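Letter by letter, the chains look like this.
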Amino acid sequence: MHTHSEFSHDSACKIADMASAQISKGTKIFAVTDHFDTDLYGKQDIFAPIKASVDTCRRVNKEYGDRCTLLSGVEIGESFWSTEVYRRIMALADYDVILGSVHQVRFGSLTEAYSQIDFSALPKETILSYMDAYFDDMLAMLETTEFDILCHLTCPLRYINGKYGLGMDISPFSEKIDNILKTVIRKGISLEVNTSGTDTFSDYMPPREVIKRYFDLGGRMVTLGSDAHKAQDASKGFDQGVQMLKDIGFDGIYYYKSRKPVKIKI
Ligand SMILES: [Zn+2]
Ligand SMILES: [Zn+2]
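Described below are features of the structure shown in this document. Note that the structure is a prediction, hence the values are computed from the model and not measured. Residue positions are given per chain, counting from 1 as you read along its sequence in written order. Chains carry letters from A onward and ligands carry numbers from 1 onward, assigned in written order. Per-residue local features are limited, in this predicted model, to residues with pLDDT of at least 70; the limit for side-chain atom pairs, both in listing and counting, is 80 or more; totals at the level of whole chains, interfaces and linings are taken over all residues. Hydrogens are left out, water is left out, and the side-chain values use all remaining heavy atoms of the structure.

Comments concerning the overall build of the protein
Inference 1: Helix and strand assignments follow DSSP, with helices taken as H or I runs no shorter than four residues and strands as E runs no shorter than two, numbered in order from the N terminus. Check the secondary structure of the protein and you find 8 helices and 8 strands.
Inference 2: Its C-alpha atoms give the protein a radius of gyration of 17 Å, near enough to 18 Å, the size a compact globule of 266 residues would have.
Inference 3: Summarising its shape, the C-alpha atoms of the protein cover approximately 55 × 45 × 35 Å along the three principal directions.
Inference 4: Residues counted as buried form 55% of the 266 residues belonging to the protein.
Inference 5: For the protein, contacts bridging at least 24 residues in sequence account for 73% of all contacts bridging at least 6. The quantity called the radius of gyration is restricted to C-alpha atoms. Its globule counterpart is 2.2 Å times the number of residues to the power 0.38. Any residue under 20% of the maximum accessible area for its type is buried, any over 50% is exposed, and the rest in between are partly exposed; the area is computed with a 1.4 Å probe on protein chains only. Only heavy atoms enter the contact rule, under which two residues are in contact if any of them lie within 4.5 Å.

Encoded structure:
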């Protein structure tokens, strides 16, 4: 439910190449969800690439439809930063799926994407406050905008722990994380199991213990997202991901068609 193409600023992948890679990995359905970053509004045309992504996705689906179904979506970053921009992107196309993401946190002067922040240069207390603000933003996004899948919860850890090896523990945030998981359940949306870091950072986003907590709180709707920006990363980590979900007790994963969840038994 989560891949990128040449219509994202950080990918050069052709949608047809992603479709071929998915077919060779045995994946029968996948979504193209290019980046739409609210922060870039007014700086460049952020609507045209999404329109092109959706149109191209539909065209490629006609070619590949008998072997693999392509769903069209969008990954909206910071949807809650501007109601007007959010409304415009939602009205741009008939998407199959909308992803809700936080890539930038409203935290003092550190509002650039967390992928660009040098966390090794920050004191531990600042990083803790940063994560606190991150979870607050996640909740604000959930409470003020509508989308289908909450993406890569705890993603800053990919940089804080993965890239900079700071070994940060998220247990001080368990109450906030519970609040987020309960809100996902109450809204009837899905929690993404993002597998993009399983080889480099050796964990899912969110980590397994958070996925287990979601299950224990009653959450059953999960989607798999490779977040692939290259064809070779198509469906990366899915076999292990499905096994991990089964071990926890999940009996299905979901995909979205015309913004309606469809269950696949696992
Ligand atoms: Zn993302
Ligand atoms: Zn993404």
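After presenting the structure, the write-up continues.
What about the nonpolar core?
Generally speaking, nonpolar side chains in soluble globular proteins are found buried as a group.
Inference 1: To qualify as a nonpolar core, a set must consist of buried Ala, Val, Leu, Ile, Met, Phe, Trp, Tyr and Cys residues joined through side-chain atoms within 4.5 Å. In this structure, Phe-36, Tyr-114, Tyr-134, Leu-150, Leu-153 and Leu-245 are the most contacted members of the largest nonpolar core, which totals 75 residues.
Inference 2: Residue contributions to this core peak at 10 residues, all from helix H4 (residues 124-144).
Inference 3: When neighbours within four sequence positions are excluded, Leu-245 is seen to be in contact with Val-193, Ile-211, Val-222, Leu-224, Phe-250, Ile-253 and Ile-266.
Inference 4: Membership of the second largest hydrophobic core comes to 15 residues, among which are Ala-19, Val-32, Ala-228 and Ala-231.

As for the coordination of the zinc ion (ligand 2)
Inference 1: Only nitrogen, oxygen and sulfur atoms within 2.8 Å of the metal, or 3.2 Å for Na, K and Ca, are treated as donors, and water is left out, so sites may look incomplete. Around the zinc ion (ligand 2), the donor atoms from the protein are His-2 (NE2), His-4 (NE2), Glu-75 (OE) and Asp-227 (OD), and they sit 2.1 to 2.3 Å away.
Inference 2: A four-donor site is called tetrahedral if each angle lies between 85 and 135 degrees; a four-donor site is square planar, and a six-donor site octahedral, when trans pairs exceed 155 degrees and the remaining angles lie between 65 and 115; all other cases are labelled irregular. Geometry at the zinc ion (ligand 2) is irregular, judged from its 4 donor atoms and the angles of 79 to 168° they form at the metal.
Inference 3: Spacing between the donor residues of the zinc ion (ligand 2) along their common chain follows H-x1-H-x70-E-x151-D.
Inference 4: The two metals, the zinc ion (ligand 2) and the zinc ion (ligand 1), are separated by 3.4 Å and share Glu-75 as a common coordinating residue. Placement of the pair is His-2 in the segment before helix H1 (15-25) and Asp-227 in the loop between strand S6 (222-225) and helix H8 (238-248), with a sequence separation of 225 residues.

Structural notes on the sheet that holds strand S5 (residues 190-194)
Inference 1: Strands are labelled as partners when DSSP assigns at least two bridges between them. Judged by pairing direction, the sheet is parallel, and its 6 strands sit side by side in the order S1-S2-S3-S4-S5-S6 without closing on themselves. If you trace the sheet from one side to the other, it starts and ends with strand S1 (29-37) and S6, each paired once.
Inference 2: Sheet topology note: the strand S3 (residues 97-101)/strand S4 (residues 149-150) ladder contains 2 bridges and is parallel. Along S4, the bridge assignment pairs Leu-99 with Ile-149.
Inference 3: H8 rests against S5 and S6 of the sheet, and its axis sits at about 160° to S6. What counts as an axis is a line fitted to C-alpha atoms, over the stretch in contact for a helix, and the angles between N-to-C directions run from 0 to 180 degrees.

As for the pairing of strand S2 (residues 69-77)
Inference 1: Summarising burial for S2: 8 of the 9 residues are buried, a large majority.
Inference 2: The pairing of S1 with S2 spans 9 bridges and is classified as parallel. Opposite Phe-36, over in S2, you have Ile-76 as the bridge partner.
Inference 3: This β-α-β element, S1 to helix H2 (residues 48-64) to S2, shows right-handed connectivity.
Inference 4: Pairing geometry for S2 and S3, over 5 bridges, is parallel. Paired with Glu-75 across the bridge in S3 is Leu-99. A crossover gets the label right-handed when its path from the first strand over the helix to the second runs clockwise, viewed with the strands pointing away from the viewer.

A closer look at the coordination of the zinc ion (ligand 1)
Reference values for angles at a metal are 109.5 degrees in the four-donor tetrahedral case and 90 or 180 degrees in the six-donor octahedral case.
Inference 1: At 2.1 to 2.2 Å from the zinc ion (ligand 1) lie its protein donor atoms, namely Glu-75 (OE), His-103 (NE2) and His-152 (NE2).
Inference 2: If you list the donors of the zinc ion (ligand 1) from N- to C-terminus, the spacing comes out as E-x27-H-x48-H.
Inference 3: Exposure remark for Glu-75: the relative accessible area of 0% places this residue in the buried category.
Inference 4: For His-103, a relative accessible area of 14% gives the class buried.

Quick word on H4
Inference 1: For H4, spanning 21 residues, the distance from its first C-alpha to its last is 30 Å, which sits close to the expected 30 Å at 1.5 Å a residue.
Inference 2: Listed in full, the buried residues belonging to H4 are Ile-127, Tyr-130, Met-131, Ala-133, Tyr-134, Phe-135, Asp-137, Met-138, Leu-139, Met-141 and Leu-142.
Inference 3: Along its buried surface, H4 packs onto S3, S4, helix H5 (157-163) and helix H6 (174-187). Given a helix with a known number of residues, its expected span is that number minus one, times 1.5 Å.

Side note on the pattern of salt bridges
Inference 1: By definition here, a salt bridge exists when the distance from a side-chain nitrogen of Lys or Arg to a carboxyl oxygen of Asp or Glu is within 4 Å. Scanning the model with the defined rule gives 13 salt bridges in all.
Inference 2: For Glu-6, the salt bridge is made with Lys-14, and the minimal N-O distance between the two is 3.2 Å.
Inference 3: Two residues, Asp-178 and Arg-213, come together in a salt bridge whose shortest N-O distance is 2.6 Å. Residue Asp-178 is found in helix H6, and its partner Arg-213 is found in helix H7 (residues 208-216); the two are separated by 35 residues along the sequence.

Considering the packing of H4 against H6
Inference 1: H6 packs onto H4 with a crossing angle of 15° between their chain directions and a minimal axis gap of 10 Å. Relative to H6, H4 is oriented roughly parallel. The element H4 and its partner H6 pack so that their crossing is left-handed. Along its contact with H4, which presents Asp-132, Phe-135, Asp-136, Met-138, Leu-139 and Leu-142, the element H6 presents Lys-176, Ile-177, Asn-179, Ile-180, Thr-183, Val-184 and Lys-187.
Inference 2: In this classification, the charged set is Asp, Glu, Lys and Arg, the nonpolar set is Ala, Val, Leu, Ile, Met, Phe, Trp, Tyr, Cys and Pro, and all remaining amino acids, among them Gly, are polar. Partitioning the contact of H4 with H6 into residue classes produces 7 nonpolar, 2 polar and 4 charged. Should an angle fall under 35 degrees it is called roughly parallel, over 145 degrees roughly antiparallel, and 65 to 115 degrees roughly perpendicular, with every other angle called oblique. We call a crossing left-handed when the near helix sits turned anticlockwise from the far one by less than a right angle, and right-handed when that turn is clockwise.

By themselves, these figures tell us nothing about what the structure is for.
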